[in-house]
Amino acid sequence: GSALSEATALRLQFETASAAAARSSELSARRLEDLERSFQLREGKLIRDKEDLARRHDAAERARAELDREAKGLRERNEQLRMRLAHATAKLEAAEARLAE
């Protein structure tokens, strides 16, 4: 009877160990699923952040190009005014010179 009770005890140990291993495996699988889900969420957020940054960068580039065009226009206008002022100054000086004669 001793061999039978030893075999029964061994089977009980094996079944307990098997059940524990199955639970552990199930927990590991669940943890892995959680990690994968968490990773996918973070990856999705990073992708959205990257797309948002790209949109903001493009908008900033467009704004900069617009400002460059504005600045060019202002420089041209400034040059025109400078030339008109030089012309008016020359006329005024010529008139003053005539008056001084």
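So, here's what we can say about the structure. (Residues numbered from 1 in each chain as written. Predicted model: local features only at pLDDT ≥ 70, side-chain atom pairs only at ≥ 80, totals over all residues. Heavy atoms only, no water.)

Before going further, it helps to spend a moment on the overall build of the protein. For the protein, the helix and strand inventory stands at 1 helix and 0 strands. Judged by the C-alpha coordinates and their principal axes, the protein covers about 145 × 15 × 10 Å. Looking at the protein as shown, the accessible area adds up to about 9500 Å², and 59% of this sits on carbon and sulfur atoms. Within the protein, one finds 21 positive and 20 negative side-chain charges whose respective centroids are separated by 2 Å. (Helix = DSSP H or I, 4+ residues; strand = E, 2+ residues; numbered from the N terminus. Areas by Shrake-Rupley, 256 points an atom, 1.4 Å probe, with all protein chains shown as cover. Lys, Arg positive; Asp, Glu negative; His and termini not counted. Charge placed at Lys NZ, Arg CZ, Asp CG, Glu CD.)

We now examine the pattern of salt bridges. Under the counting rule described, the total for this entry stands at 9 salt bridges. Put simply, R37 and D34 hold a salt bridge, and the shortest N to O gap is 2.7 Å. Of the two residues, R37 and D34 are both situated in helix α1 (residues 2-100); the distance of 3 residues between them amounts to about one turn of the helix. Here R56 makes a salt bridge to D52, at a shortest N to O gap of 3.1 Å. Taken together, the residues span about one helical turn, with R56 and D52 both in helix α1 at a distance of 4 residues. Overall, R56 belongs to the exposed group, its relative accessible area being 53%. A relative accessible area of 29% places D52 in the partly exposed class. A network of salt bridges, in which partner residues are shared, links D52, R55 and R56. (Salt bridge = Lys/Arg side-chain N within 4 Å of Asp/Glu carboxyl O. Buried < 20%, exposed > 50% of the residue type's maximum accessible area, 1.4 Å probe, protein only.)

Attention now moves to the environment of A90. Here A90 lies in helix α1. Accessibility expressed as a relative area gives 41% for A90, which makes it partly exposed. Along the chain, A90 and S5 lie 85 residues apart, while their C-alpha atoms are 125 Å from each other.

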